[in-house]
Amino acid sequence: GVQTCALPIYNERLADAPPGALINTDSRPTALLHGLLLAARESGLGPQLADGVRRLAGGGAAIPVVVLGLVVLLRLAYRRGLPGASSSAGEWEWGYVVAAAGGVGMAASLLLMFRFQARHGTLFTYVGLLTALFMLGLALGGWLVTRRLAAAPARVPAVFGMLVAGHVCLLSVLAALPDAAPALAALCLAAGLFSGGYVPVAAAALRAAGVADVRAGGLIEALDHTGGACGGLLAGLVLVPMFGLPM
C-alpha cells in the first residue's frame, strides 16, 4: 500500500535529478557501497582499500571471467608441475565443484531475498518461507540426482553437464524474470533444486575414483559449508554494494 503510493513519486524525483547525482536506488545501492567504504576507512584500512574497491566496481562482467581463467590456469600449472597430480585430481576437482555450488547457491538465495525485499518490502514476514523453499529445493535436487545415478552410475559426466547447463540458464535469466512474489518464491525453490544436485554427483564421482566414503563425506560437507560462507560474504559485501541488482 504505502510502497505502491510512494514509488511513482520517488521515480519522478529520480527523473528530475541532475546528471551525475549520487542517488541511492535498489538497482544501484550507492549508500551501501559508501557505507562500507566509510567503515573500512574508520577501521584504519586506509584509502588504498577504497581505491581498490572503486576499481573493482568498474570491472563489471570481466571480473568473473578473469577469476575463472585464473582458476583454470592454476589448475593446469598444478597438473603439469606435480608428479602424479593427475591421478589425485578427483578430490580437488570435485571438491571445487561442491564449494562453488555451495557459494553460488547461497549467493543466489540472498540475492533473491534482497530482490524480494526491494520489490515487496515485507521480507521479515516471508524470510522463513523463502528459506524453507530453498532448503526444500536442495533436498529435492539431491534426491532426484541420487535416483538418477542409482539407475545409471556411469552417467556422472552427463548428469553433471545437464546440471551445470540448467543452473547457468537459470542464473542467466534471473534479472529478466518477473518480480511477483510467487515468481520469486519459485526461483528460490529452483535455485535450491540445482544447487542440491551437485552433492550426489560429487559423491558418486569420488567413490568411482576410489576415495573412501568417510573421507568423501567429510570433504563434501566441509567444502559445501566453506563455499556457502564465501558466497554469502561475496553477495553481501561485493555483488550487491558494487554492482547492484537489476530490477
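A.B. asks: Describe the overall build of the chain, naming the residues involved and giving the relevant values.
C.D. replies: A count of helices and strands for the chain gives ten helices and zero strands. Along the chain, helices and strands appear, N-terminal first, in the series α-α-α-α-α-α-α-α-α-α. Long-range pairs, those at least 24 residues apart, make up 72% of the contacts in the chain between residues at least 6 apart in sequence. Of the roughly 14,600 Å² that the chain leaves accessible, carbon and sulfur atoms contribute 70%.

A.B. asks: For the packing of helix α6 (residues 123-151) against helix α9 (residues 198-208), give the residues involved together with the corresponding values.
C.D. replies: At their nearest, the axes of α6 and α9 sit 7 Å apart, and the two run at 35° to each other. Contacts between α6 and α9 involve Gly-142, Val-145, Thr-146 and Leu-149 on the former and, on the latter, Pro-200, Val-201 and Ala-204. Along the lines of polarity and charge, the residues of the contact of α6 with α9 split into five nonpolar, two polar and no charged.

A.B. asks: Give me the lowdown on the packing of aromatic side chains, citing residues and values where you can.
C.D. replies: Per the stated rule, a full pass over the model turns up three aromatic pairs. Arranged with centres 5.7 Å apart and planes meeting at 65°, the rings of Phe-116 and Tyr-126 form a pair that is edge-to-face. Of the two residues, Phe-116 is situated in helix α5 (residues 89-120) and Tyr-126 in helix α6; the sequence distance between them amounts to ten residues. Look at Phe-116 and you get buried, because its relative accessible area is 4%.

A.B. asks: Before we move on, can you summarise the side chain of Ser-195 with the specific residues and values?
C.D. replies: Inspection of the secondary structure assignment puts Ser-195 in helix α8 (residues 181-196). Look at Ser-195 and you get buried, because its relative accessible area is 8%. Discounting residues that sit within four places of it in the chain, Ser-195 has contacts with Ala-101, Gly-105, Leu-138 and His-167.

A.B. asks: How would you summarise the environment of Gly-35 if you had to cite specific residues and measurements?
C.D. replies: Looking at the element boundaries, Gly-35 is found in helix α2 (residues 30-42). We classify Gly-35 as partly exposed; its relative accessible area is 37%.

A.B. asks: Summarise the nonpolar core; cite the residues concerned and give the values.
C.D. replies: Within the largest apolar cluster, 17 residues are counted, with the highest numbers of intra-cluster contacts made by Trp-94, Leu-149, Val-156, Val-201 and Leu-206. At the level of elements, α5, α6, α7 (156-172), α9 and α10 (213-243) are the ones that each hand at least two residues to this core. With five residues, the top contributor of residues to this core is α9. The contacts of Leu-149, once residues within four sequence positions are left out, are Arg-155, Val-156, Val-159, Pro-200, Val-201 and Ala-204.

Parameters at a glance
- Residues numbered from 1 in each chain as written.
- Predicted model: local features only at pLDDT ≥ 70, side-chain atom pairs only at ≥ 80, totals over all residues.
- Heavy atoms only, no water.
- Helix = DSSP H or I, 4+ residues; strand = E, 2+ residues; numbered from the N terminus.
- Contact = heavy atoms within 4.5 Å.
- Areas by Shrake-Rupley, 256 points an atom, 1.4 Å probe, with all protein chains shown as cover.
- Axes fitted to C-alpha atoms, helices over the stretch in contact; angles between N-to-C directions.
- Nonpolar A, V, L, I, M, F, W, Y, C, P; charged D, E, K, R; others polar.
- Phe/Tyr/Trp six-rings, centres within 6.5 Å; stacked < 30°, edge-to-face > 60°.
- Buried < 20%, exposed > 50% of the residue type's maximum accessible area, 1.4 Å probe, protein only.
- Core = buried A, V, L, I, M, F, W, Y, C linked by side-chain atoms within 4.5 Å.

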